[in-house]
Amino acid sequence: MRNFRFRHVLSALAIAALVLPTTAPVDAQSKGTIKIASQSPLSGGQAALGEGIKLGAQLAVEKMKGNLEKMGYKVEFVPFDDQAKPDVGVAIPSSEVYKEVGVVMISPANTNPVVTDRGYPNIDRVCGRDDVQGVVGSEFAHGSMKVKSAYIVHDKTQYGQSIAEFFKADSEKKGIKVLGFEGTEEKSNFDSILTPIKAKNPDVIYFGGIYDQGAPFFKQAREKGIKAKFMGPDGMDSSDLTKIAGKAVVGMNYTSAAGPASALPKAKAFVDDYKKKFSKNPEPYAAEAYDAATIAIKAIEETAKKGKVSREDVATAVRKAKLSGITGDIAFDAKGDRLKAQYFVLTVVSDDPAKWGDNKIVKQLTIAPPEAKK
């Protein structure tokens, strides 16, 4: 991995691992401490999503750790800040390390196909995949938005570029004319990109990347007088999108592998508990983090009942896990993908960040992952 430019091997949202246990195997007779860790950006431009993931996992650990404590174990929740920087953490490079030391990772939010396509026995995720999400987006653009032309911009990360490529490939198959496809690392002044986009006058502009870059991009597009519809992937799925871009993004559509709590029939108690404890609404992927942590704890319980807690046994228990969770029924295939994941297309309904959870679901799908390539 050291020969890679790590910034190009980020996974979705640049967030996301839930790892366990961080201690060496603990003998049941002597008991000991089991540490469950979250890895997400708690500082920097993506902190809103990262904080939500941390708090969702924390809430699950606090609610579910009782049985392990009755067995004589001490259970600790340990949050880590990866700053969304691959030299600090981030799922794909981090998971290479986890694989070597046997630490289990259950990702609530990493949608890049590479996460599970490597077939590591200790790497799982409870969310969907970009090769499905990109197609969900292009199908909606073609079938529901009726667009004839698109201009696609991405952030040059593995996440942003790959989902933009999935959107592009399927758009072209459906007859949408792609007027441009380019990457940018620009964060503040997008004039050099927006000037040619305005001249080409696309029906839709798709931005593959994260909200902290997409929001100023879309805001400047409207300020420049560009009339195109806006669209993006789950990297846009944060209340900070409207905090930064305001009215410019009202009415835009985005896809997500995490539905708002209003779409989850079992989420009411979770939302109430979250708001009571943390005095705010859960961000996207907080519910997925809760489910991921729940699977982790139940897998540790299962192995503890057999006499010891080892990383290998926990990995096996996680891969075999079945949970009727907040985000629906969860089970994993042989690669660690969720057998059936949910995908959403949503419309931003307000420029008030506090109303992000009210965004309108305009399409909801449950789709199995692609079969492993032979």
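Cut-offs used in this document
- Residues numbered from 1 in each chain as written.
- Predicted model: local features only at pLDDT ≥ 70, side-chain atom pairs only at ≥ 80, totals over all residues.
- Heavy atoms only, no water.
- Axes fitted to C-alpha atoms, helices over the stretch in contact; angles between N-to-C directions.
- Helix = DSSP H or I, 4+ residues; strand = E, 2+ residues; numbered from the N terminus.
- Parallel < 35°, antiparallel > 145°, perpendicular 65-115°, else oblique.
- Left-handed = near helix turned anticlockwise from the far one by under 90°.
- Contact = heavy atoms within 4.5 Å.
- Nonpolar A, V, L, I, M, F, W, Y, C, P; charged D, E, K, R; others polar.
- Buried < 20%, exposed > 50% of the residue type's maximum accessible area, 1.4 Å probe, protein only.
- 1 Å grid on protein atoms, 1.4 Å probe; cavity = no way out; pocket = protein on both sides within 12 Å on 5 of 7 lines; lining within 4 Å.
- Points joined across faces, edges and corners; volume = space filled by probe spheres on them.

**Student:** Mind showing me how you'd approach the packing of helix α7 (residues 191-200) against helix α8 (residues 211-223) here?
**Tutor:** In a packed pair of helices, the relevant descriptors are the angle between the two axes and the axis-to-axis distance. It is at 10 Å that the axes of α7 and α8 come closest, and there the two elements cross at 50 degrees. Judged on the interaxial angle alone, α8 and α7 are oblique. Of the two possible hands of crossing, α7 and α8 adopt the one that is right-handed. Residue-level inspection shows Asp 191, Ile 193, Leu 194 and Ile 197 of α7 in contact with α8, the latter providing Phe 217, Gln 220 and Ala 221. Class assignment of the residues belonging to the contact of α7 with α8 gives a composition of five nonpolar, one polar and one charged.

**Student:** Even after reading the chapter, I still don't get the side chain of Asp 240, so can you show me in this structure?
**Tutor:** In this structure, Asp 240 sits in helix α9 (residues 240-245). Residues within four places of Asp 240 in sequence aside, it is in contact with Ala 48 and Tyr 211.

**Student:** Where do I start with the environment of Gly 137 in this structure?
**Tutor:** Along the chain, the position of Gly 137 falls in helix α5 (residues 130-143). Separated by 73 residues in the primary sequence, Gly 137 and Ile 210 place their C-alpha atoms 16 Å from one another.

**Student:** How do you make sense of the side chain of Thr 184 when you look at a structure like this?
**Tutor:** The residue Thr 184 is located in the loop between β8 (177-183) and α7 in this model. For Thr 184, a relative accessible area of 8% corresponds to the buried category. Ignoring sequence-local partners within four residues, the contact set of Thr 184 consists of Val 153, His 154, Asp 155, Lys 156, Phe 190, Ile 193 and Gln 213.

**Student:** What am I meant to see in helix α3 (residues 91-101) here?
**Tutor:** Burial in α3 covers these residues: Ala 91, Ile 92, Pro 93, Ser 94, Ser 95, Glu 96 and Tyr 98. Gly 102 lies just past α3 and shows a positive phi near 80 degrees.

**Student:** Teacher, can you tell me more about empty space enclosed by the protein here?
**Tutor:** Regions of empty space are outlined by a rolling probe, equal in size to a water molecule, passed over the atoms. One pass over the full model with this rule turns up two cavities of 30 Å³ or more. Estimated volume of the largest cavity: approximately 60 Å³. Looking at the largest cavity, it is lined by 13 residues, and the ones nearest its centre are Ala 257, Glu 288, Thr 327, Arg 338 and Gln 342. Taken together, the residues of the lining of the largest cavity sort by class into seven nonpolar, four polar and two charged. Considering the residues around the second largest cavity, the lining is formed by Cys 127, Gly 128, Arg 129, Asp 337, Arg 338, Ala 341, Tyr 343, Ile 367, Ala 368 and Pro 369. Of the residues assigned to the lining of the second largest cavity, the class counts are six nonpolar, one polar and three charged.

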